[in-house]
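Here is how the chains run, residue by residue.
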Amino acid sequence: MIDFKYTGGIINEEEYQHKIDEARTYVAKAEQDSFGGWVNLPVDYDKEEFDRIKRAAEKINSDSDYLVCIGIGGSYLGHKAVIEALGGERKRTKILYAGNCLSVRSMKKVLDELGDADFSINVISKSGTTTEPAVAFRIFKQKLIEKYGEEEAAKRIYATTDANKGALHDEAVAKGYESFVVPDNIGGRYSVLTGVGLLAIASAGIDIDALMDGAAEERASLISDGGKAAEYAAMRNLLLEKDYNIEILANFEPQFMYLNEWWKQLFGESEGKDHKGIFPASVVDSTDLHSMGQYIQQGRRNLFETFVEVREDCPGITVPTLEEDLDGLKYLEGRELDYINKTANAATREAHTAGGVPVLEIVMPTIDERSLGALIYFFEMSCALSGFTLGVNPFDQPGVEAYKTRMFELLGKPGYEK
C-alpha cells in the first residue's frame, strides 16, 4: 500500500492523474526493453537453475561455516539487503562480503573473521575483470587452494557469471566450478531475484520460493497498468518538477539499512544521468532523528521523504515498572516497545509534514520473504516507470566508467596510458 496523505496539498489531483497516466504507458516499454528481463522474471525464470541453487545452498550449509560472497554494486547489495532485512542467517553458514571495495582494512577484517574455518566462495561478476571483485577473488581463491588443494577448492567455488563468455566464465569451465547465470537482459541493480542474489539468500536459510512468490504476486498487481508503482513514479516526478530534488527513504527498522543502500543504487544509478534525477538518500530512525532530524525538520525545503512502514505488531518487550521515576519514564511503564516505536514513526511523519516536507508512505504487511519479494519488485517497477517519465534510460549507467578509466591510467593498465 502507498499513501500520499502527508504531501501537504502541494500536488493537485489533475496534474497527479495526468502524470500517473503517463507513467502507466511505460509498463510495456519496460517489458520490451532489451534489459527488461526482470519484468517477467518472477513467473518466467529458469526452474532447473533455481533447483540447482537450492541444492548448492544445502551443500554449502553442510560443509562451510562461511560463504564469502565476492561482488560489487548489484552483485552484492540486493542479497545483503534481503538477508539483513529478514534478520540475518538462519542456518550454519554465515555470509561474509568481499570485493565491494579496495580497502585493505576491510579485507583484513574478513580474513581475520574467516580464520581457519571451513568456507566456500560465491564470486559474482559478469565479466570477471571488474577490479574490486577480481582482486578479492584472487586473494580468497589462493586461501581456498592453500587450505584444501586445487581439486577440493574447485568444488567450493561457485561462479555467477555470463552464460557464454568472459574471463570468469572461461575459468569456471576450465576449472569445473559450479556456475549460475548473470542474465544478459537484466542489469545488476535489478538482478537480486536471479542467480546473482539467490545463492547467498538460500545459503542463509531464507525461503527463496516464498521470495519469488511475493514478487510474482506484486507483478500480477502491477503488470497491466503499473498500479501503485505508477502512482509512486508519478508523485516522485511531480515533486521533482516543484524543485524537491532529494528523496530520503526512511524507516524505523535498523535491519532495513542495507535495503536503503540497495534502493539508493537502484534509483541513483537508474535516474542520475543527463544532469537529471532525484538524489536518493536514506535514514534509519529513530537513530538518525538525533543526527539528520534537525536538517530534515528545518533545513532547505528541497527534499521529501518516503517512509517504509511495517504494519504488523511485534510484541514481546515492554518497558519495566519501577518504584522510582528517576528517568521520567513512568508514563511508558508496561507499554510495548513496538507501540512506542510506531508512535515515534507517526509523530515524525506529522512533524516533518508540518515543517514543509512532503511525505510518502509505503506500508508492508509484515517482514517476511513474501512481503520483501513484493517490495523489491514494487521498487524495480517504480524505478523503471519513474526513469522513463523523467526522460532517461533507467537501465544503463554510462557514467560508472569514468572513474575506472582514470584509475586504470594512474595504475598503468595496458591500453589506458594517458
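What comes next is a walk through the structure. (Residues numbered from 1 in each chain as written. Predicted model: local features only at pLDDT ≥ 70, side-chain atom pairs only at ≥ 80, totals over all residues. Heavy atoms only, no water.)

**A few points about the overall build of the protein**
Argument step 1. In terms of regular secondary structure, the protein is built from 16 helices and ten strands.
Argument step 2. In terms of C-alpha radius of gyration, the protein reaches 23 Å, essentially the compact-globule figure of 22 Å for 418 residues.
Argument step 3. Over its C-alpha atoms, taken along the principal directions, the protein stretches across nearly 65 × 60 × 45 Å.
Argument step 4. Within the protein, the proportion of its 418 residues that are buried is 51%.
Argument step 5. For the protein, contacts bridging at least 24 residues in sequence account for 79% of all contacts bridging at least 6.
Argument step 6. Of the roughly 19,000 Å² of accessible surface on the protein, a fraction of 51% belongs to carbon and sulfur atoms.
Argument step 7. Placing the 46 positive and 69 negative side-chain charges of the protein at their respective mean positions leaves the two points 5 Å apart. (Helix = DSSP H or I, 4+ residues; strand = E, 2+ residues; numbered from the N terminus. Rg over C-alpha atoms; globule rule 2.2 N^0.38 Å. Buried < 20%, exposed > 50% of the residue type's maximum accessible area, 1.4 Å probe, protein only. Contact = heavy atoms within 4.5 Å. Areas by Shrake-Rupley, 256 points an atom, 1.4 Å probe, with all protein chains shown as cover. Lys, Arg positive; Asp, Glu negative; His and termini not counted. Charge placed at Lys NZ, Arg CZ, Asp CG, Glu CD.)

**With respect to the nonpolar core**
Argument step 1. With 82 residues, the main nonpolar core has Trp38, Val82, Trp262, Leu372, Phe379 and Met381 as its most contacted residues.
Argument step 2. For this core, the element with the highest residue contribution is helix H15 (residues 369-390), accounting for twelve residues.
Argument step 3. Residue contacts for methionine 381: discarding those within four places in its chain leaves Val27, Trp38, Val39, Leu222 and Ala229.
Argument step 4. Within the second largest apolar cluster, 24 residues are counted, among which are Met107, Phe119, Phe140 and Ile157. (Core = buried A, V, L, I, M, F, W, Y, C linked by side-chain atoms within 4.5 Å.)

**A word on helix H10 (residues 208-222)**
Argument step 1. Between its terminal C-alpha atoms H10 stretches 21 Å, which fits the 21 Å expected from 15 residues at 1.5 Å a residue.
Argument step 2. Among the residues making up H10, those that are buried are Ile208, Ala210, Leu211, Met212, Gly214, Ala215, Ala216, Glu218, Arg219 and Leu222.
Argument step 3. On the buried face of H10, the contacting elements are helix H2 (27-32), helix H3 (47-63), helix H4 (77-85), helix H9 (195-203), helix H11 (227-241) and H15.
Argument step 4. The distance from a side-chain oxygen at the start of H10 to the backbone nitrogen of aspartate 209 is 3.0 Å, and the residue carrying that oxygen is aspartate 207. (Expected span 1.5 Å × (residues − 1). Polar contact = N/O pair within 3.5 Å; in protein donor to acceptor, adjacent residues only side chain to side chain.)

**Describing the sheet that holds strand E6 (residues 178-181)**
Argument step 1. Pairing is parallel across the open sheet formed by five strands, whose spatial order is E3-E2-E4-E5-E6. Two strands in the sheet have a free side with no partner beyond their single neighbour: strand E3 (94-98) and E6. Strand-to-strand twist across the sheet, computed as the mean angle between neighbouring axes with direction ignored, equals 20 degrees.
Argument step 2. Summarising the sheet, strand E4 (residues 119-124) and strand E5 (residues 157-161) pair through four bridges and their orientation is parallel. In the strand pairing of E5, asparagine 122 is matched with tyrosine 158. (Pairing = 2+ DSSP bridges. Axes fitted to C-alpha atoms, helices over the stretch in contact; angles between N-to-C directions.)

**A few points about unusual backbone geometry**
Argument step 1. Cis geometry is adopted by the peptide bond preceding serine 286, which originates at aspartate 285 and carries an omega value of 5 degrees.
Argument step 2. The residue serine 286 is located in the loop between strand E8 (279-284) and helix H13 (293-298) in this model.
Argument step 3. The phi dihedral of aspartate 243 falls on the positive side, at around 75 degrees, and the residue is not glycine.
Argument step 4. You can see aspartate 243 is positioned in the loop between H11 and strand E7 (246-251).
Argument step 5. The class for aspartate 243 is exposed, based on a relative accessible area of 58%.

**Here we look at the pairing of E7**
Argument step 1. The element E7 is extensively covered by neighbouring structure, given that five of its six residues are classed as buried.
Argument step 2. Bridging between E7 and E8 involves six bridges; their strand directions are parallel. Each residue of the ladder has a partner; that of leucine 249, found in E8, is serine 282.
Argument step 3. Taken together, E7, helix H12 (residues 257-271) and E8 constitute a β-α-β crossover, and its handedness is right-handed.
Argument step 4. Both E7 and strand E9 (residues 303-310) contribute to a ladder of six bridges, which runs parallel. Bridge pairing in E9 links isoleucine 246 to leucine 303. (Right-handed = clockwise from strand over helix to strand, strands pointing away.)

**What to know about the pattern of salt bridges**
Argument step 1. If you walk through the whole model with that rule in mind, you get 34 salt bridges.
Argument step 2. Taking the shortest distance from any N to any O, the salt bridge between arginine 92 and aspartate 65 comes out at 3.1 Å. Of the two residues, arginine 92 sits in the loop between H4 and E3 while aspartate 65 sits in the loop between H3 and strand E2 (66-70), which places them 27 residues apart along the sequence.
Argument step 3. The exposure class assigned to arginine 92 is partly exposed, which follows from its relative accessible area of 40%. (Salt bridge = Lys/Arg side-chain N within 4 Å of Asp/Glu carboxyl O.)

**A few points about the pairing of E5**
Argument step 1. The element E5 is extensively covered by neighbouring structure, given that five of its five residues are classed as buried.
Argument step 2. Burial of E5 is two-sided: the residues Ile157, Ala159 and Thr161 facing one way and the residues Tyr158 and Thr160 facing the other way are all buried.
Argument step 3. The pairing of E5 with E6 spans four bridges and is parallel. Bridge assignment links alanine 159 to a residue of E6, and that residue is serine 179.
Argument step 4. Where the polypeptide runs from E5 across helix H8 (residues 167-175) and back to E6, its parallel neighbour, the crossover connection is right-handed.

Bear in mind that shape data such as this cannot, by itself, settle questions of function.
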